[in-house]
Every structure is written in C-alpha cells, then in structure tokens.
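The lines below spell out each chain.
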Amino acid sequence: DPEGRTLAAGLVLLYPLDTDSGMTAPHLVLTRRTTTMRRHSGQISLPGGRYDLEDGSLLRTAVRETYEELGVDPASLTLWGHLQPEYIVASHYALAPFVAYTPRRPEFVPAPAEVAEVIDVPLAHLLAPATVEEEDWDFQGSTRRVSFFRFHDHKIWGATARILCQIVLL
C-alpha cells in the first residue's frame with residue numbers, strides 16, 4: 001500500500017438459509033470478535049484478516065482467513081467478485097472485500113481464540129430502512145455521530161457497515 005497501511009482482506013459469504021416462515025432466503029455470515037483480540041476486539045466483522053506474503057493475493061487472504069476463523073472449505077466457495085477497498089483509520093488497515101457464494105450454509109466451526117459468536121444475517125434485513133440507526137458515541141474524548149446496522153443486540157458499524165452498504169447499493 002502506498003500509504004503504508006497494513007493490507008487485509010475480508011469475505012462477504014452469501015448462502016441460502018431457511019427462515020422462520022419456511023422460506024429460503026439469502027444470508028451472509030458475520031462474526032463477533034473475542035474480547036481478547038488485539039485489534040477491533042468485541043466488534044462485529046466479516047471473516048478476514050491481515051495479508052501474509054505466503055497468500056500471494058488478497059483473495060487468498062480472505063479465503064484463508066475464512067477457513068481459519070470459521071472452518072469454511074475453500075473448495076465450496078464460488079467467487080462472485082470484489083468490492084471497493086475500505087480504509088480503517090483507527091488501525092491503519094486497507095481492507096479488500098470479496099464476495100463469494102456457497103449453495104448451502106456451511107457447518108461453521110468457529111476458532112475459539114478469534115470468534116465469540118457466528119451471526120447469520122438475512123440479506124433482506126440489511127435492505128430494510130429501519131435497520132439503519134445513528135447514535136452519538138464517545139471516541140477518545142470526542143463525540144462522533146455513528147451510523148450502524150442494528151441486528152438484534154448487535155451494532156454493525158465501521159468498515160464492516162461500509163462494506164455491507166456496498167452490497168445493499170448494488
């Protein structure tokens with residue numbers, strides 16, 4: 001990265017899932033990071049992480065991290081494309097998001113050191129205007145207005161929310 005940011009990649013993983021109404025609807029997976037993580041602890045995120053030279057590409061980083069965090073078999077994924085990168089000011093990361101599909105919900109096996117919770121989010125939920133909320137949050141002594149997606153008790157904000165906005169606006 002010409003700006004000296006740490007390169008990282010994330011995966012928007014879409015899959016069909018049965019709903020309470022008996023219908024099948026597209027969902028995506030998010031994780032709640034453990035509170036022991038050094039960066040972004042306790043936050044809601046896409047599966048993903050820092051680029052390693054051995055990966056050879058940011059796509060491979062996204063797939064490797066999804067396997068490490070959730071046990072998703074890379075062979076089960078069909079790549080649909082990539083989205084615009086997101087720059088994370090707080091951690092000085094440049095995050096490359098990719099979109100993939102799998103024809104059935106994977107049997108997620110969360111890595112206990114990294115994933116506190118696996119969250120299945122219906123794509124339709126992100127499209128509902130009432131899902132987006134705003135609050136004033138305190139950041140390092142100053143108040144900022146923050147927009148986020150609410151999903152049950154979760155607040156999906158920051159780079160994850162900005163990436164999901166790219167999906168919603170497609």
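Preceding this section is the structure that the text describes.
So, here is what we can say about the structure in this document. (Residues numbered from 1 in each chain as written. Predicted model: local features only at pLDDT ≥ 70, side-chain atom pairs only at ≥ 80, totals over all residues. Heavy atoms only, no water.)

Digging into the pattern of salt bridges
The final tally for this structure, using the stated rule, is 12 salt bridges. Here Glu117 makes a salt bridge to Arg32, at a shortest N to O gap of 3.1 Å. You can see Glu117 sitting in strand 8 (residues 115–122) and its partner Arg32 sitting in strand 2 (residues 24–33), a full 85 residues away along the chain. Classification of Glu117 by relative accessible area gives partly exposed; the value is 28%. Arg150 is the partner of Glu133 in a salt bridge, and the nearest nitrogen-oxygen pair spans 2.9 Å. Here Glu133, found in strand 9 (residues 132–139), pairs with Arg150, found in strand 10 (residues 142–151); they are 17 residues apart in sequence, far enough to count as distant. Of the residues examined, Glu133 reaches a relative accessible area of 26% and is grouped as partly exposed. Assessed through its relative accessible area of 25%, Arg150 is described here as partly exposed. One salt-bridge network, in which partners are shared between bridges, spans Asp52, Asp55, Arg64, Glu65 and Glu68. (Salt bridge = Lys/Arg side-chain N within 4 Å of Asp/Glu carboxyl O. Helix = DSSP H or I, 4+ residues; strand = E, 2+ residues; numbered from the N terminus. Buried < 20%, exposed > 50% of the residue type's maximum accessible area, 1.4 Å probe, protein only.)

Concerning unusual backbone geometry
The phi dihedral of His92 falls on the positive side, at around 60°, and the residue is not glycine. Summarising the element assignment, His92 is placed in the loop between strand 6 (86–88) and strand 7 (93–101). The exposure class assigned to His92 is partly exposed, which follows from its relative accessible area of 40%. Even without glycine at this site, His152 takes up a positive phi of about 55°.

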